[in-house]
Each structure stands twice: as C-alpha cells, then as structure tokens.
Amino acid sequence: DGNPGEASVTYTYAEKGTNNYSAEVPTNAGDYTVKAVIAESENYNGGEATADFTIAPKAISVTAEAVRKTYGDPDPELRHSGGLLYRRAFGHKDG
C-alpha cells in the first residue's frame with residue numbers, strides 16, 4: 001500500500017548524471033533521475049531512493065498536400081496531414 005506510515009513523499013528530478021534536483025517534472029526528451037524522499041513518521045524511519053528514466057523523442061510524420069497556384073492568384077493555403085503532437089510548431093493556427 002505504498003506508505004502505510006502516512007509520512008510525506010517528495011519527488012524531485014534531475015538530468016541524469018547531475019545533482020541539480022528540482023520539483024519541476026521534466027517534459028523534454030532526455031535522460032533523467034527521479035529521487036523519492038520519504039519523511040520519517042511516528043512508526044517508520046525515513047528514506048530515499050532514486051531511479052533513472054528516459055523520455056524518448058516522439059517521431060512525427062508530416063505530408064504536405066499538393067496545391068496549385070496560377071500566376072497572379074493569391075497564395076493558396078498550405079495544408080498538411082500527419083500525426084503532430086504540437087501543431088503550432090508548423091505554424092498551424094488553432095481556432
């Protein structure tokens with residue numbers, strides 16, 4: 001049941017190989033270490049443990065859709081299809 005002594009657990013994160021721990025949960029791709037610190041309680045000693053983990057980059061596939069333009073006409077809207085995690089990265093306007 002995790003922490004039956006009801007002591008608080010604090011999680012901090014650092015880039016793997018460093019000791020620059022922060023409460024901010026990493027979201028960028030990379031290698032990290034998480035440290036869990038369990039406070040001492042009335043019935044249990046405190047302790048800590050670390051574990052390494054990796055956030056892998058997400059592969060994307062984008063396909064431009066074919067468009068035509070006749071000389072003198074306004075530029076056509078560029079369209080694409082594919083699995084984009086962050087649509088704004090390609091200039092897509094939400095709305």
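Everything here concerns the structure above.
Residues numbered from 1 in each chain as written. Predicted model: local features only at pLDDT ≥ 70, side-chain atom pairs only at ≥ 80, totals over all residues. Heavy atoms only, no water.

## A closer look at the side chain of T33
Part 1 of the argument: Among the structural elements, T33 can be located in strand β2 (residues 30-38).
Part 2 of the argument: When its relative accessible area of 8% is taken as the criterion, T33 is described as buried. (Helix = DSSP H or I, 4+ residues; strand = E, 2+ residues; numbered from the N terminus. Buried < 20%, exposed > 50% of the residue type's maximum accessible area, 1.4 Å probe, protein only.)

## A look at the pattern of salt bridges
Part 1 of the argument: Using the criterion set out here, one finds three salt bridges in the structure.
Part 2 of the argument: Notably, a salt bridge pairs D75 with K69, separated by 2.4 Å at the nearest N-O pair. (Salt bridge = Lys/Arg side-chain N within 4 Å of Asp/Glu carboxyl O.)

## Section: the packing of aromatic side chains
To describe a pair of aromatic rings, you give the distance between the ring centres and the angle between the ring planes.
Part 1 of the argument: According to the stated counting rule, one finds two aromatic pairs in the structure shown.
Part 2 of the argument: Centroid distance Y13 to F53: 6.5 Å. Interplanar angle 85°. Geometry classified as edge-to-face. Placement of the pair is Y13 in strand β1 (residues 9-15) and F53 in strand β3 (residues 47-55), with a sequence separation of 40 residues.
Part 3 of the argument: Given the relative accessible area of 27%, F53 is considered partly exposed.
Part 4 of the argument: Counting every residue linked through ring pairs, the aromatic cluster contains Y13, Y32 and F53.
Part 5 of the argument: Sitting above the plane of the Y21 ring, K35 keeps its charged end 4.4 Å from the centroid. (Phe/Tyr/Trp six-rings, centres within 6.5 Å; stacked < 30°, edge-to-face > 60°. Lys NZ or Arg CZ within 6 Å of the ring centre and 35° of its normal.)

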